Amino acid sequence: MALIHCPECNREISDTVKVCPDCGYKLKQPKREPKFLKTREDKKTFIIIVCVILAGILALGGYYGYYNYVVPTNQYKAAVTLGEQGKYEDAIKEFRELGAFKDSQTKVKEMKYQWAGKADLDKSISLYEELGDYKDAQQKLEAAKAQKKAQEALAKLATAYSKCSASGTSLSSDKVSIIVDAQNEYDYDAVSDVLVIIKTLGLPDSLYDEMCETNALMGRQTESYEYYDVSWSYHPDNGLDVIFKYKN
């Protein structure tokens, strides 16, 4: 503690008081620097340290911004481009890696949706199943499954024909009908073909029973199933004449 003179009354007072006890004059307190900044070198060192810390904070902020915005933004744009080029699988991979960045997870679904519309039936069905209730994926899934079943039904027709052996059995030029034309009522190869076709196409056994009950006076008989129309007639001289036709 040191003694100073009051600027107002000139009385000696302590340098620690804020108001002169004699005249009430308010004294200005001298700026006190931290003890560690007593010398010019201390001040210079302090300033350097502060600058280094600030530079480090700025650099860390730039690093964070670059890797958490610039990099994912570029990856997002690249994924969008892949989708526009029809490279859906690669686009999905990129969007998945982006996690919660922007609308990346919605983009994953959109890429699957677009891919499903252009892929083969098996892949389309798989993708629509993964999409759940996204847009009209469920309606498209049902349509794809129905188309798949229809294709399988047509393929069964070709398979059934490949198992036939009678000389009067033929496949139409458009490959949607099998015609079994028995040579006479004792053409057992034709009868065997009819039974094989019924079994291969998954038609009921009762269909053959109906054929056996048909006579010449009954004319042409028909039955319709989900994917096939079947018509037949019988004459003692010509035997059984049957047509299995796929429904287009």
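Please read these numbers as outputs of a predicted model, since none were measured by experiment. (Residues numbered from 1 in each chain as written. Predicted model: local features only at pLDDT ≥ 70, side-chain atom pairs only at ≥ 80, totals over all residues. Heavy atoms only, no water.)

**Quick word on the pattern of salt bridges**
What counts, and what does not: Any carboxyl oxygen of Asp or Glu that lies within 4 Å of a side-chain nitrogen of Lys or Arg is treated as forming a salt bridge with it. Helix and strand assignments follow DSSP, with helices taken as H or I runs no shorter than four residues and strands as E runs no shorter than two, numbered in order from the N terminus. The cut-offs for exposure are 20% and 50% of the maximum accessible area for each residue type, with area from a 1.4 Å probe on protein chains only; residues under the lower value are buried, those over the upper are exposed, and the others partly exposed.
Counted according to the given criterion, the structure contains eight salt bridges. Between Glu130 and Lys112 there is a salt bridge, with its nearest N and O atoms 2.8 Å apart. Within this pair, whereas Glu130 is found in helix H4 (residues 121-131), its partner Lys112 is found in helix H3 (residues 104-116), the two being separated by 18 residues in sequence. Here Arg220 ties to Asp241 by a salt bridge, and the two come within 3.4 Å at their closest N and O atoms. One end of the pair, Arg220, is in the loop between helix H7 (206-212) and strand E5 (221-224); the other, Asp241, is in strand E7 (residues 239-246), and 21 residues separate them in sequence. The class for Asp241 is partly exposed, based on a relative accessible area of 23%.

**Remarks on the pairing of E5**
Every other side chain in a regular strand lies on the same face of the sheet, so the side chains alternate between the two faces. Condition: One requirement defines pairing of two strands: DSSP has to find at least two bridges between them.
Looking at chain direction, E5 and strand E6 (residues 228-235) are connected through four bridges and run antiparallel. Along E6, the bridge assignment pairs Gln221 with Trp232.

**Side note on the sheet that holds E5**
What counts here: For every element, the axis is a line fit to its C-alpha atoms; helices are fit only across the contacting stretch, and the angle between N-to-C directions ranges from 0 to 180 degrees.
In space, the five strands of this open sheet follow the order E3-E4-E7-E6-E5, with antiparallel pairing throughout. One side of each edge strand has no neighbouring strand; the edge strands of this open sheet are strand E3 (169-171) and E5. Strand-to-strand twist of the sheet, defined as the mean angle between neighbouring strand axes without regard to direction, takes the value 10°. Bridge analysis of E6 against E7 gives eight bridges, and the strand direction is antiparallel. Among the inter-strand pairings, Tyr228 is bridged to a residue of E7, identified as Tyr246.

**Quick word on the side chain of Thr214**
The condition is simple: By the criterion applied in these results, polar contacts are pairs of N or O atoms within 3.5 Å in which, for protein atoms, one can donate a hydrogen and the other can accept it, and in which residues neighboring in sequence qualify only through two side-chain atoms. By the convention used here, residues are in contact when the closest approach between their heavy atoms is within 4.5 Å.
On the secondary structure map, Thr214 appears in the loop between H7 and E5. Side-chain polar atoms of Thr214 contact the backbone oxygen of Glu210, separated by 2.9 Å. If sequence neighbours within four positions are ignored, Thr214 has contacts with Gly219, Gln221, Trp232 and Tyr234.

**Observations regarding the nonpolar core**
Selection rule: As used here, the term nonpolar core means buried Ala, Val, Leu, Ile, Met, Phe, Trp, Tyr and Cys residues forming a set that is joined through side-chain atoms within 4.5 Å.
Ranked by internal contacts, the top residues of the largest apolar core, which has 27 residues, are Leu203, Leu207, Met211, Val230, Val242 and Phe244. Broken down by secondary-structure element, the contributors of at least two residues to this core are helix H5 (137-162), strand E4 (177-181), helix H6 (188-200), H7, E6 and E7. Those residues within four positions of Val230 in sequence are excluded, and the remaining contacts are Leu203, Leu207, Met211, Gln221, Thr222, Glu223, Tyr225, Val242, Ile243 and Phe244. One finds Tyr76, Phe95, Tyr134 and Ala144 within the second-largest nonpolar core, a separate group that totals 23 residues.

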